[in-house]
Amino acid sequence: TQPQIDAPAVVFPADFVWGAATSAYQIEGSTGADGRGTSIWDTFIKQPGRVLNGDDASVAIDHYNRYREDVKVMADLGLTAYRFSLSWPRIMPDGAGEVNQAGLDFYRRLTDELLEHGIDPWVTLYHWDLPQALEDLGGWPSRDTSKRFADFTACVHQALGDRVRNWSTVNEPWCAAFLGYASGEHAPGRRDPQAAVRAAHHLNLAHGLAVQALRAQGAGAQIGGSVNLYAITPAEDTPEDLDAARRIDGLQNRFFLDALLKGSYPEDVLEDLSKVAEIDFIQDGDMEIISTPFDTLMINYYSRFTVSGKPGGPASAAAAPTGAGSPWPGSEDVSFVNGGRPVTSMGWEIDDLGLLEVLERLHREYPAIPLVISENGAAFEDVVEEDGQVNDLERLAYIDAHLRTCHTAIEEGIPLKGYFAWSLMDNFEWAWGYGKRFGIVYVDYPTQRRTPKASAAWYADTIRRGGLRAPAE
Ligand code: PNW
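This structure is a prediction, so every number in the text was calculated from the model and none was measured.

1. Here's the deal with unusual backbone geometry
Cis geometry is found at the peptide bond from Ala187 to Pro188, where omega equals 5°. The step from Trp422 to Ser423 runs through a cis peptide bond, and the omega angle for that step is 5°. Within the element layout of this structure, Ser423 appears in the loop between strand S10 (416-422) and strand S11 (441-444). A positive phi angle, close to 50°, is found at Asp34, a residue other than glycine. Assignment of secondary structure puts Asp34 in the loop between helix H2 (24-27) and helix H3 (40-45).

2. Brief notes about the pattern of salt bridges
Taken as a whole and judged by the stated rule, the model has 41 salt bridges. A salt bridge links Arg246 to Asp243, with the shortest nitrogen-to-oxygen separation between them at 2.9 Å. In this pair, Arg246 and Asp243 are both assigned in helix H11 (residues 239-262), 3 residues apart and thus about one turn of the helix distant. A relative accessible area of 28% means that Arg246 is categorised as partly exposed. Note that Asp243 is salt-bridged to Arg247, the shortest N-O span being 3.2 Å. Here Asp243 and its partner Arg247 are both found in helix H11, 4 residues apart, which amounts to about one turn of the helix. According to the relative accessible area criterion, Arg247 is buried, its value standing at 13%.

3. A word on the site of the ligand
Looking at the ligand, there are 18 residues lining it, with Gln26, Tyr230, Glu375, Glu429 and Trp430 nearest. At a separation of 2.8 Å, an oxygen atom of the ligand approaches a polar side-chain atom of Glu375. Contacts to the ligand include Trp430, whose side-chain N or O atom sits 2.9 Å from an oxygen atom. Contact with the protein chains covers 97% of the free accessible surface of the ligand, which is 450 Å². For the shell around the ligand, the leading source of residues is helix H9 (residues 173-181), giving 3 residues. The residue inventory of the shell around the ligand, partitioned by class, reads 11 nonpolar, 4 polar and 3 charged.

4. Describing the packing of helix H4 (residues 63-77) against helix H6 (residues 101-116)
The contact between H4 and H6 brings their axes to 9 Å, and the two run at 15°. One finds that H4 runs roughly parallel with respect to H6. For the element pair H4 and H6, the recorded crossing hand is right-handed. Together, His63, Tyr64, Tyr67, Arg68, Val71 and Met74 of H4 and Ala102, Phe106, Arg109, Leu110, Glu113 and Leu114 of H6 make up the contact between the two elements. Across the contact of H4 with H6, the residue classes tally to 8 nonpolar, 1 polar and 3 charged.

Rules used throughout
Residues numbered from 1 in each chain as written. Predicted model: local features only at pLDDT ≥ 70, side-chain atom pairs only at ≥ 80, totals over all residues. Heavy atoms only, no water. Helix = DSSP H or I, 4+ residues; strand = E, 2+ residues; numbered from the N terminus. Salt bridge = Lys/Arg side-chain N within 4 Å of Asp/Glu carboxyl O. Buried < 20%, exposed > 50% of the residue type's maximum accessible area, 1.4 Å probe, protein only. Near = heavy atom within 4 Å. Polar contact = N/O pair within 3.5 Å; in protein donor to acceptor, adjacent residues only side chain to side chain. Areas by Shrake-Rupley, 256 points an atom, 1.4 Å probe, with all protein chains shown as cover. Nonpolar A, V, L, I, M, F, W, Y, C, P; charged D, E, K, R; others polar. Axes fitted to C-alpha atoms, helices over the stretch in contact; angles between N-to-C directions. Parallel < 35°, antiparallel > 145°, perpendicular 65-115°, else oblique. Left-handed = near helix turned anticlockwise from the far one by under 90°. Contact = heavy atoms within 4.5 Å.

None of the figures reported here should be taken as evidence of function without further support.
Right, dumping it as structure tokens:
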């Protein structure tokens, strides 16, 4: 044997977490099964024009019935961890009060299956599927929703805390607030800057209250807060573009990071927002709750935004398929331009150095906290070869480049503990329906057959080696 030939050139720490991620609504289906309540996404996808091609998620990739097969796929890849979310309306059909035991039982079975295969379950408590009953009472713009979330958190921790150690609170509060309530491209599809800004604060508050609820259950839970961060550059070195970059960075990154990690909102962002919304919803003590210490900052990173503030520019950050408004209240004049890099099929620029920039900035400007990349990945147009294989070399290269960046960050002393590929499997990509594939495992929707793509085989190999090969010549 010649072990040195096989040895990786880029070695990760032995305890590095090698994961992949999904979310409940995007994969489970069975939206009417076993007493599940209705979520805002069930309501949203029924409205014409909301989701590309009118795609619906009542079957999705049928994970509710196929979870055993899916855990087997994960085990074959050698994943050490799997990040998934709990469907709140499956567990509490009305969002509060009565608990649906069948819903909890599903997650018990899933976590048991994971543990039996040596895969560590990482549970996300909220990945956008708010119970419709709570939206009917005002949704995230209503302060009460944060309290209901804390109750839900305590309830599920009681049921699953014996088998789940890693918990995270609200996935990407920026998306939930501003895509849901400002641009309206996500459920519940409202376009009201005032509602969106309130929602953002209440999602932060929900995070803080959930951290406290988990702590109150005793030691043991490892608690994560999740944010979607971007590297942001001005298109040109002009005062307008620099100010556009400041504003988008403020609303996208600093509004959430400062709240969770420093216990305050950035003054300049509050001032920008006060032009479109009344800032009358921050109560005494809120910022202390929001900044309750937690264990891991979970970062979802996909891209860099290059922004221009030239007068007259339109906002189109997310390039919604169905023609939504701006997700940037108060910055409707900012345009998002291509910075000259290749893009994925979402139109998102590929920039692995942007990830390094984000990690270095966190390390420099924020209190130290362990970090995990909880989502990173790319949609491309997959081609199924005659032999059934999907040779997704672009996705493979994307993940490879970002993992190299992770390694560089670790070498620089940044406490990065793990990486979760988004996504384990192709799935329901929100407003894009089944039109965009992020999976490292291909799903043939008519038959629900799962086929690991080339990127999955490569990822499995990477995990087995504990690192990456030397870069190709
Ligand atoms: C994230 N944007 O969503 C989510 O956490 C996933 O559920 C989703 O499938 C994945 O990224 C890919 O889209 C985002 O418009 C959706 O800036 C939209 C944006 C960012 C993240």
